[in-house]
Amino acid sequence: GLADALVLDSCYGKLSSAILGWWRFVGGKLLMVVLWPTALVTMPFVGFNPFKVDVSKGLGRLLGTPVLVLHGERDDLALPSEARRNFDACPGPKRLVWFERAGHSEFRWEQPEKYYRELLGFLREHGFI
């Protein structure tokens, strides 16, 4: 009820995936493996369990809210499987747009024509512009 529509641009599906993705993005798989236990250690300090924060579950409750998912096929921070998981969780109406050869949020500047065509088309289709 808080949103008339959603645009998910390079969005993760679970907070724990975002944490691991950030470490993988910054330092590769080795850093991801070495640092993953810090997510467990920080739980008492942040006051919640990042392994239970699930965007996809929330998306499943968006009955009738249009959702546009934009994602790079080579995203190392929020893996493409996260975009697919988010998309599959949405009851619809929904659209998933893949950007070939694009990493995390790179498509905005690498493929701006396609990005704006898809974004503006989505907004027009649902009566926002």
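Residues numbered from 1 in each chain as written. Predicted model: local features only at pLDDT ≥ 70, side-chain atom pairs only at ≥ 80, totals over all residues. Heavy atoms only, no water.

Draft legend 1. Structural context of the nonpolar core. Core analysis: the biggest nonpolar cluster contains 10 residues, these being L8, C11, L59, L62, V67, V69, A83, F87, C90 and L96. Of all the secondary-structure elements, those providing two or more residues to this core are β2 (67-72) and α4 (80-89). Non-local contacts of F87, meaning those with residues more than four positions away in its chain, are made with V69, K94, R95 and L96. Listed in part, the nine residues of the second largest apolar core include A102, F107, L119 and F122. (Core = buried A, V, L, I, M, F, W, Y, C linked by side-chain atoms within 4.5 Å. Buried < 20%, exposed > 50% of the residue type's maximum accessible area, 1.4 Å probe, protein only. Helix = DSSP H or I, 4+ residues; strand = E, 2+ residues; numbered from the N terminus. Contact = heavy atoms within 4.5 Å.)

Draft legend 2. Geometry of the side chain of S56. Residue position: S56 is located in helix α3 (residues 55-59). Residue class for S56 comes out buried when judged on its relative accessible area of 6%. Within polar-contact distance, the side chain of S56 engages the side chain of N86 at 2.7 Å. Those residues within four positions of S56 in sequence are excluded, and the remaining contacts are G13, R85, N86 and A89. (Polar contact = N/O pair within 3.5 Å; in protein donor to acceptor, adjacent residues only side chain to side chain.)

Draft legend 3. Local environment of the pairing of strand β3 (residues 94-99). Bridging between β2 and β3 involves six bridges; their strand directions are parallel. Within β3, the residue paired with V69 across the bridge is L96. After leaving β2, the chain enters α4 and then returns to the sheet as β3, a path that is right-handed. (Pairing = 2+ DSSP bridges. Right-handed = clockwise from strand over helix to strand, strands pointing away.)

Draft legend 4. Spotlight on the environment of W98. As for its position among the elements, W98 is in strand β3. Sequence-distant contacts of W98, defined by excluding residues within four places in its chain, comprise H71, G72, E73, P80, A83, R84 and K114.

Draft legend 5. Representation of the side chain of T65 within the structure. Position of T65 among the secondary structure elements: in the loop between α3 and β2. T65 sits in the buried class, given a relative accessible area of 11%. Once residues within four sequence positions are removed from consideration, T65 is found in contact with A3, D4, A5, L6, G92 and P93.

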